[in-house]
Structure formats: structure tokens, C-alpha cells
Amino acid sequence: MSTTQANKIDIIKAQTSKINEVDFENLSFGSVFTDHLMECDFTNGEWQQPVIKPYAPFLLDPSARVFHYGQAIFEGMKAYKDDQDAVWLFRPDENYKRFNNSAVRMAMPEVPEDVFMDGLNELLKLDEAWIKKGKGNTLYIRPFMVATGHGVIANPSDDYKFMIILSPAKSYYSGEVKVLIAEHFSRAANGGIGAAKAAGNYAAQFYPTSLANKKGFQQVIWTDDATHTKLEEAGTMNVFFRINDTLFTAPISERILDGITRKSIIDMAKKEGIEVEVRPVLVSELVEASKNGTLKEIFGAGTAAVINPIIGFSYQDVYHELPKIENSYASQLKDKLTNIQHKLAEDTFGWTVKV
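Calculation notes
Residues numbered from 1 in each chain as written. Predicted model: local features only at pLDDT ≥ 70, side-chain atom pairs only at ≥ 80, totals over all residues. Heavy atoms only, no water. Helix = DSSP H or I, 4+ residues; strand = E, 2+ residues; numbered from the N terminus. Buried < 20%, exposed > 50% of the residue type's maximum accessible area, 1.4 Å probe, protein only. Contact = heavy atoms within 4.5 Å. Polar contact = N/O pair within 3.5 Å; in protein donor to acceptor, adjacent residues only side chain to side chain. Core = buried A, V, L, I, M, F, W, Y, C linked by side-chain atoms within 4.5 Å. Axes fitted to C-alpha atoms, helices over the stretch in contact; angles between N-to-C directions. Parallel < 35°, antiparallel > 145°, perpendicular 65-115°, else oblique. Nonpolar A, V, L, I, M, F, W, Y, C, P; charged D, E, K, R; others polar. Pairing = 2+ DSSP bridges.

Draft legend 1. Main features of the environment of Asn 244. Along the chain, Asn 244 turns up in the loop between strand 14 (237–243) and strand 15 (246–249). Residue Asn 244 is classed as partly exposed on the basis of its relative accessible area of 41%. C-alpha separation for the pair Asn 244 and Glu 297, spaced 53 residues apart in sequence, amounts to 9.1 Å. Contact partners of Asn 244, with chain neighbours within four places excluded, come to Thr 294 and Lys 296.

Draft legend 2. Quick peek at the side chain of His 36. Following the sequence through the fold, His 36 ends up in strand 3 (residues 36–43). For His 36, a relative accessible area of 5% translates into the label buried. Side chain to side chain, His 36 and Asp 127 meet in a polar contact 2.9 Å long. Leaving out residues up to four positions away in the same chain, His 36 has contacts with Ile 12, Lys 13, Ala 14, Ile 52, Lys 53, Pro 54, Tyr 55, Leu 123, Leu 126 and Asp 127.

Draft legend 3. Up close: the nonpolar core. Leu 124, Ile 141, Met 145 and Phe 162 are the most contacted members of the largest nonpolar core, which has 51 residues in total. In this structure, Phe 162 is in contact with Met 38, Glu 39, Cys 40, Trp 47, Phe 99, Val 111, Val 115, Phe 116, Pro 143, Phe 144 and Met 145, ignoring residues within four places of it in sequence.

Draft legend 4. A look at the packing of helix 5 (residues 260–271) against helix 7 (residues 329–341). Interaxial distance between helix 5 and helix 7 falls to 11 Å at its minimum, and their mutual angle equals 105 degrees. Looking at the two axes, helix 5 sits roughly perpendicular to helix 7. The residues of helix 7 that touch helix 5, namely those facing Thr 261, Ser 264, Ile 265, Met 268 and Ala 269, are Leu 333, Lys 336 and Leu 337. Among the residues making up the contact of helix 5 with helix 7, the classes are represented as 5 nonpolar, 2 polar and 1 charged.

Draft legend 5. Region of the structure containing unusual backbone geometry. Positive phi values are uncommon outside glycine, yet Asn 44 reaches one of about 55 degrees. Mapped onto the fold, Asn 44 is located in the loop between strand 3 and strand 4 (46–47). Judged by relative accessible area, which is 72%, Asn 44 ranks as exposed. In this structure, Gln 316 takes a positive phi of about 50 degrees despite not being glycine.

Draft legend 6. Up close: the pairing of strand 3. The element strand 3 is largely enclosed, with a buried count of 6 among its 8 residues. Both strand 3 and strand 5 (residues 51–54) contribute to a ladder of 4 bridges, which runs antiparallel. Note on strand 5: the bridge partner recorded for His 36 is Pro 54. By the bridge criterion, 5 bridges tie strand 3 to strand 10 (residues 160–169) in an arrangement that is antiparallel. From the neighbouring strand, Met 38 faces strand 10, where its bridge partner is Ile 164. Of the pairings in the sheet, the one linking strand 3 to strand 4 comprises 2 bridges and is antiparallel in character. Paired with Phe 42 across the strands is Trp 47, a residue of strand 4.

Quick look at the structure:
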């Protein structure tokens, strides 16, 4: 291994690369990782020297607070390579801001911008060969932080580890998606941590989603915890509903994640002349719109999947099939958004940042 330093980041290069062992045409999302990772420890009340080093497991004390009290947060981002081999990020400032908002909510230290951004940039430069050109090819970026302080007393940790790992990716979801509207389970509650990208939020979804899977549904549309009458998120994504020619989506709140793809879709739709209403959407509205034929589309929106059309939903044991329409809002907006991300169209919003 060779060691260098860039922008106060120690870089330890892997002796060999495993890139030639990877079939980039047949990637299972989030299962293959690049040659290097970035890490930075928080200890004695201070952030230490960041380091980029070969991807490998690391040791934690069995009493590390992350195992016992769940102090763990993460982000989801992507890098793209254009036809001129330049590497781009999409709205990374929003991911950085949301990461630290999550840290504050989970009583964890905020990560300095130079550690997050400079570390990410140096890591991407080192593993640039893993980013393939062509629309649909991306490099998924997973920044995360866990509590590493030892001891099982129920207090916030004193020590933390911040890391960034990279995974080449294609599509997150494949095939048709049917959803079950939740009548009992909730993703988050008022006063809780639904607006944070906390690991526990996702763990809590697994059981009700598995019940939906057994009934033949791929995902759950979550409803509010108090009344189960308001539609909130779809699986791990924000969700949009097209009734007639208007797009509806729930406002962000303590229960709903401030999705970066979500806010981008809202801005793009408005620019395209599509009417958008950000307000609570009732289950009864959706059922009625399905019955009278005004419900045209439902789609999820998130970093991993970008936009994922939903072909039907079930509520109170009644299945509602959505119409098949050409030139859907989902397909239009996904095409426009991915064209911007891959630098195939002009970025009039100023969302893309060159590495």
C-alpha cells in the first residue's frame, strides 16, 4: 500500500483493485463496493484526521452504543459520469445539510463540511474508474455515522465514526410495483425521528413490509400514526399522486423525510407547467379518485430509484388497478431528471456539481 496526503486527508491506496471481478451489467443494488472507503473518528470532543483506505471490515466493542441504543444515521447520494468522463454530483449540499440535521436529532456531533465534502471528493477521484458512463449507470454513495463509544448506560455516546462507502449501481427496483395502504402500522409519529435518516426508521418498516410481501405487494404506503387517514410515504420513498392533471404530495413534517428527489420533482413539474399541490392527501380522496377514474398515476421518488411507478394499491382488502397511460408524468419527469443528472440536458436549476 502507498500513503499520500491531500487536503489534510490521509490516503492509503489499495495494492490491487477488485474492479475486474465485477459484472457491471448485472449489479445487485448495494451489494458490490469499490476499492476504498473514507472514515473519520470523533473522539475526545473533536473530529480527528480523516483517512481514505482500502475497503475492509472494522472492529467495534460489543458494548458500542450503536448496538444498544441505535445512534446511527446515513445519507443516499449518487455520482454520475458524463460523455467527457467528468464526474458530477447532484445537489450534494442538500445531502450534507440533511445529514447534519439527522445528527442533531439523534444527539450526534455534526460533521464538518470539509470532512464530508473534501473526503467525498477525494474518495470519488480515487475510485473514479468504478463510475461508468451511460444513462442508468451510477455510483451510489452511502455516508453514515455510528456511535462507537463503549458502555451500556443509556446515554448518547462520546465517540463516533463517520464513513463513506461507494457502490456501483443500476436500477434499484425492477418489475411492477403494487402497494398496500397501511391501516395499522406507521412509519413515524409526531415528535419522533421520521424526518431524520435514522437507521431505526428503516428497521421498523421491515416487519409490516414483509406482511405486505406475503399478500403479493412489494411496498407499503404509510399513513399518519394518529388517524391512518393521510397518505405519507411509499416504502422508503416520498410518494406522488396524479389526480386528473394535478400532482399531489404530502408536505414534509416531523414524520416525513425532506426528500431531495421529491423537492427536485416539485420544482421540475412546476417549470413544465404541471400543477402541483403540496398538502395532506387523504386515503378517502385516493379511493374516490380511483373509483371515478380521475386517479391517473402514483409514483415513489427517492435517490436510489429516482422515480418508481406504482401500478395499483389495496385498501381494506379492495385492490385498485391504475390505468396504463402513455407519456406519464412519472416517465416524463424521470427522463428529464436523469438527463440533468447525467449531463445530457442543460441544468437550468444549478443542481449539478462537478467533482
